[in-house]
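# Close look at the chain arrangement
Residues per chain are reported as follows:
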Amino acid sequence: MNYRTEYQKALARAIIAERTVKKLEVSDIHDKWVSAMQRIAELEAQLAHKQFEIDNLMLEHCPDEMTVEQLDRWESCQVPEAAIKGEES
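Now for a quick tour of the structure. All values reported here derive from a predicted model rather than from experimental measurement.

## A short note on the overall build of the chain
Helix and strand counts for the chain come out as 4 helices and 0 strands. Listed by position from the N terminus, the elements making up the chain come as α-α-α-α. By the burial criterion, 11% of the 89 residues in the chain qualify as buried. Here the contacts in the chain between residues at least 6 apart in sequence split such that 28% fall between residues at least 24 apart.

Following this line, the structure appears as structure tokens:
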């Protein structure tokens, strides 16, 4: 199940219902949609950062208990040090 798609559908239904009750203009609906999508992006970034912290702690303290999926995710998030410092490769 794609939670983001389901959330977007539920959000669209809620906005349409609110428009019906409050007689919102299309621009108001667009603004609400953009705001909601920005909030979703912020929450996804927070979630990714928390997962990063968990994976790092597990790698440090109990690497033998990490699943292949966790190791793969940790590995995919690694960035060369030169990229962090802004150096050319």
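Having seen it, we continue.
## Quick word on the side chain of Asp55
Mapped onto the fold, Asp55 is located in helix α2 (residues 26-61). The residues contacting Asp55, other than those within four sequence positions of it, are Met66, Gln70, Arg73 and Trp74.

## Describing the pattern of salt bridges
Applying the stated rule across the entire model yields 3 salt bridges. Among the salt bridges present, the one from Lys50 reaches Glu53, with a minimum N-O distance of 3.7 Å. One end of the pair, Lys50, and the other, Glu53, are both in helix α2, 3 residues apart, so they sit about a helical turn from each other. Ionic pairing is found between Arg73 and Asp55, a salt bridge with its closest N-O pair at 3.1 Å. Here Arg73, found in helix α3 (residues 68-76), pairs with Asp55, found in helix α2; they are 18 residues apart in sequence, far enough to count as distant. The partly exposed category is assigned to Arg73, whose relative accessible area is 27%. Residue Asp55 is classed as buried on the basis of its relative accessible area, which comes to 3%.

## Side note on the side chain of Gln70
Locating Gln70 in the fold gives a position in helix α3. Sequence-distant contacts of Gln70, that is, excluding residues within four places in its chain, are made with Asp55, Met58 and Glu65.

## Structural notes on the nonpolar core
Considering soluble globular proteins, one finds that nonpolar side chains tend to be buried as a cluster. One finds Leu11, Ile15, Ala36, Met37 and Ile40 forming the largest nonpolar core, which totals 5 residues. Those elements that provide at least two residues to this core are α1 (3-22) and α2. In terms of residues, this core owes the most to one element, α2, which gives 3 residues.

The rules behind the values
Residues numbered from 1 in each chain as written. Predicted model: local features only at pLDDT ≥ 70, side-chain atom pairs only at ≥ 80, totals over all residues. Heavy atoms only, no water. Helix = DSSP H or I, 4+ residues; strand = E, 2+ residues; numbered from the N terminus. Buried < 20%, exposed > 50% of the residue type's maximum accessible area, 1.4 Å probe, protein only. Contact = heavy atoms within 4.5 Å. Salt bridge = Lys/Arg side-chain N within 4 Å of Asp/Glu carboxyl O. Core = buried A, V, L, I, M, F, W, Y, C linked by side-chain atoms within 4.5 Å.

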